Amino acid sequence: MAISSASKLDYSSSCTSDTKFCGFFANAYLYYAHAQVDIALGRFDHAVSSADKARIIDPRNVEVITMHNNVKAVARARSLGNELFKSGKFSEACIAYGEGLKHHPVNPVLHCNRAACRFKLGQWEKSIEDCNEALMIQPNYTKALLRRAASYGKMEQWVESLKDYEVLRKELPGDTEVAEAYFHAQVALKSSRGEEVSNLKFGGEVEAVTGMEQFQMATSLPGVSVVHFMTSSNQQCGKISPFVNALCTKYPSVNFLKVDVNESPAVARAENVRTVPTFKIYKNAIRVKEMICPSQQLLEYSVRHYGT
């Protein structure tokens, strides 16, 4: 909140050039504050620009001089680290980012960048440590979450990896790379527990079931299947169908099926479905849940509960 407020400080005040504020020339103080906000948020070029302006306005102020030197040193370290990283010199880049952290130990971007170097070097635990530092400073920093999740994965700590991917799914709901990484972590966790995973596939669409044999085969597979009994003419079915499609994308390890009870009356009779929309959830060929006209919240809760 304080950083957000500080970033909105206005330079165009009515202060004269010799107005003092907290021992600073007033305009110098504004640039001084902006420089520190920008460096904390990873806006290195803006930070250098503000620090330079503060130094020009108030060249003898010890705090301005110290801040200016620190900002320049951090920006140089970050720039050098980025060049080295792009060249594949990960050990050297790691050292460069570390030099920057000596001048600004609570810089989340430098911690996250060093975590990327350590990931490339196979130093998974150290990568996680840097991500933890970045996330303590800036919670829900998506790059740090991504790198920590990947590092946990390399160490086969799938539960911890999935926790980070679950946060990322909420932060980046439309990101297919995150969705796929989340799916593969789910598969790895299931496999580590001895569960059958050969039938699991990433993504796809809601599969239309047209006959009893297809229905029995689909619901008898290992894993979780969610069956939506519906009709195309029913208004409630029409409203919830797009949400079911979204769930299919959001939970790619779950098998989603739909049965039009008018087109497949034999399946509807066998399952004793008399009202639509009806949802049935099968886990490892056993029906574990039935819901008639559920809310979106209940449907997603049930999918998440049985499918993860």
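Residues numbered from 1 in each chain as written. Predicted model: local features only at pLDDT ≥ 70, side-chain atom pairs only at ≥ 80, totals over all residues. Heavy atoms only, no water.

An unreviewed UniProt entry lists the chain under the name Thioredoxin domain-containing protein, with Aegilops tauschii subsp. strangulata as the source organism.

Novice: I keep staring at the pairing of strand S4 (residues 224-230) and nothing clicks. Help me out?
Specialist: For a regular strand, the rule is simple: side chains alternate between the two faces of the sheet. Extensive coverage of S4 is indicated by the burial of seven of its seven residues. Neither face of S4 is left uncovered, since the one carrying Val 224, Val 226, His 228 and Met 230 and the one carrying Ser 225, Val 227 and Phe 229 both have all their residues buried. Relative to strand S6 (residues 278-283), S4 runs antiparallel, the two being bridged by six bridges. Each residue of the ladder has a partner; that of Ser 225, found in S6, is Tyr 282. Of the strand pairs in this sheet, S4 and strand S5 (residues 255-260) are connected by six bridges, and their pairing is parallel. When the bridges of S5 are listed, Ser 225 appears paired with Asn 255. Running through helix H12 (residues 235-250), the crossover from S4 to the neighbouring parallel element S5 is right-handed. (Buried < 20%, exposed > 50% of the residue type's maximum accessible area, 1.4 Å probe, protein only. Helix = DSSP H or I, 4+ residues; strand = E, 2+ residues; numbered from the N terminus. Pairing = 2+ DSSP bridges. Right-handed = clockwise from strand over helix to strand, strands pointing away.)

Novice: Would you explain helix H6 (residues 108-120) in this entry?
Specialist: An α-helix turns once every 3.6 residues. As a result, residues three or four positions apart point the same way. Here H6 spans 19 Å end to end across 13 residues, near enough to the 18 Å set by a 1.5 Å rise per residue. Buried residues dominate H6, accounting for eleven of its 13 residues. Those residues of H6 lying buried are Pro 108, Val 109, Leu 110, His 111, Cys 112, Asn 113, Arg 114, Ala 115, Ala 116, Cys 117 and Arg 118. (Expected span 1.5 Å × (residues − 1).)

Novice: Can you walk me through the packing of aromatic side chains in this structure?
Specialist: Inspection of the entire model under this criterion finds four aromatic pairs. Measuring from ring centre to ring centre gives 5.1 Å for Phe 85 and Phe 90, while their planes differ by 65°; the resulting arrangement is edge-to-face. Judged by centre distance (5.1 Å) and plane angle (65°), the rings of Phe 119 and Trp 124 are edge-to-face. Following the ring pairs from residue to residue traces out a cluster consisting of Phe 215, Phe 229 and Tyr 282. (Phe/Tyr/Trp six-rings, centres within 6.5 Å; stacked < 30°, edge-to-face > 60°.)

Novice: How should the nonpolar core be read in this particular structure?
Specialist: The tendency in soluble globular proteins is for nonpolar side chains to be buried side by side. Phe 44 and Tyr 141 are the most contacted members of the largest nonpolar core, which has 37 residues in total. Contacts of Phe 44, omitting those with residues within four sequence positions, involve Ile 39, Val 74, Ala 75, Arg 78, Asn 107, Val 109 and Leu 110. Core analysis: the second largest hydrophobic core is formed by 17 residues, Val 206, Phe 243, Leu 247 and Phe 279 among them. (Core = buried A, V, L, I, M, F, W, Y, C linked by side-chain atoms within 4.5 Å. Contact = heavy atoms within 4.5 Å.)

Novice: I tried to follow the sheet that holds S6 on my own but got confused; where do I start?
Specialist: Note: strands within a sheet are paired through backbone hydrogen bonds, in either parallel or antiparallel orientation. Read from one edge to the other, the open sheet built from five strands follows the order S3-S5-S4-S6-S7, with strand pairing classed as mixed. With partners counted over all chains shown, the strands left at the sheet margins are strand S3 (207-209) and strand S7 (286-292), one partner each. Ignoring which end each strand starts from, the neighbouring axes of this sheet average 25° apart. Packing against the sheet, H12 makes contact with S4, S5 and S6, and its axis sits at approximately 160° to S4. (Axes fitted to C-alpha atoms, helices over the stretch in contact; angles between N-to-C directions.)

Novice: It is not clear to me how the environment of Pro 265 should be interpreted in this structure. Could you clarify?
Specialist: Along the chain, the position of Pro 265 falls in helix H13 (residues 265-270). Take Pro 265: its relative accessible area is 35%, and that puts it in the partly exposed class. Once the C-alpha coordinates of Pro 265 and Gly 211 are considered, the two residues, 54 residues apart in sequence, prove to be 8.9 Å apart.

Novice: Even after reading the chapter, I still don't get the side chain of Ser 151, so can you show me in this structure?
Specialist: With respect to the element layout, Ser 151 can be found in helix H8 (residues 142-154). The class of Ser 151 is buried, set by a relative accessible area of 0%. Setting aside its immediate chain neighbours within four residues, Ser 151 contacts Phe 119, Trp 124, Ser 127 and Ile 128.

Novice: It is not clear to me how the environment of Phe 243 should be interpreted in this structure. Could you clarify?
Specialist: Here Phe 243 shows up in helix H12. Distance from Phe 243 to Gln 296, taken between C-alpha atoms, is 7.4 Å for residues 53 residues apart in sequence. Dropping the residues within four chain positions of it, Phe 243 is found in contact with Gln 296, Leu 299 and Glu 300.

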